Amino acid sequence: MAVLLGPAPARGRILDVRCGYGVRARLLAVKSLGRKVVGIDTDEAAVRIARAAARDELNVSFDRTDDLAGLDGTFDTILLVDCLDRTNADAERTVALSAERLAAAGNVIVRARVSGGGRKHVDRSEAEFEPILPRAGFSDVTERPDLTRNGECVWVLRRKPA
């Protein structure tokens, strides 16, 4: 979970895309009450479990959606953790919508698996990711090898100044 706690700010709105059962979102919420964490996923059962587990936590919520465009407001940090794999047919759109939902000084944290290994979902290669990020408006892309393991890459993305 170091991928989350290192670059994520202690205050502000955080969006966890494809949050699953909400473990990441809940961890971020519990570690700092200054965060308002929103987890989204398309799996109805997973969202139901996440909501039940977080019923006593005031600074985290979960919604069943994958429509970033339909979310209210902007976010200081957006997590795209293991959600740009090849099962996401429109990864470029996900990255672009993340840029639109991002607050001016915010960042997007991307964790992607760039080698096959034994994982069920294989992410795109680094060469496939490289053109997507600038097209979405990200000019500051920092790879964080200190947060990677087992064929994963972690990038922290920031938009071009307006």
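Residues numbered from 1 in each chain as written. Predicted model: local features only at pLDDT ≥ 70, side-chain atom pairs only at ≥ 80, totals over all residues. Heavy atoms only, no water.

K.L.:
Just give me the short version of the overall build of the protein chain, but keep the residues and values in it.
P.N.:
Summing up its helical and strand segments, the protein chain has six helices and seven strands in all. Listing every helix and strand of the protein chain by position from the N terminus yields α-β-α-β-α-β-β-α-β-α-α-β-β. Counting every position in the protein chain, which comprises 162 residues, the buried fraction comes to 46%. Look at the contacts in the protein chain between residues 6 or more apart in sequence, and 64% of them connect residues 24 or more apart. (Helix = DSSP H or I, 4+ residues; strand = E, 2+ residues; numbered from the N terminus. Buried < 20%, exposed > 50% of the residue type's maximum accessible area, 1.4 Å probe, protein only. Contact = heavy atoms within 4.5 Å.)

K.L.:
Explain the pattern of salt bridges to me, and be specific about the residues and the numbers.
P.N.:
Following the criterion strictly, the structure yields six salt bridges and no others. In this structure, D16 and R24 form a salt bridge, with 3.2 Å as the shortest nitrogen-oxygen distance. Among the salt bridges present, the one from D82 reaches R111, with a minimum N-O distance of 2.4 Å. Residue D82 is found in the loop between strand 4 (75-81) and helix 4 (91-101), and its partner R111 is found in strand 5 (residues 102-113); the two are separated by 29 residues along the sequence. Here D82 and R111 have matching classes, each one buried. (Salt bridge = Lys/Arg side-chain N within 4 Å of Asp/Glu carboxyl O.)

K.L.:
A description of the packing of aromatic side chains should follow, citing residues and the corresponding values.
P.N.:
For any pair of aromatic rings, the description consists of the separation of the ring centres together with the inter-plane angle of the planes. Within the structure shown, the criterion is met by zero aromatic pairs. Taking NZ or CZ as reference, R13 lies 4.1 Å from the ring centre of F75, over its face. (Phe/Tyr/Trp six-rings, centres within 6.5 Å; stacked < 30°, edge-to-face > 60°. Lys NZ or Arg CZ within 6 Å of the ring centre and 35° of its normal.)

K.L.:
Now, about the confidence of the model for the protein chain: what can you tell me, with residues and values included?
P.N.:
Regions with low pLDDT should not have their predicted coordinates read in detail. Predicted confidence across the protein chain gives a mean pLDDT of 82, with 80% of residues reaching 70 or more. pLDDT under 50 marks residues 117-121. Its contacts with residues more than four places away, or in other chains, come to five contacts. (pLDDT = per-residue confidence, 0-100.)

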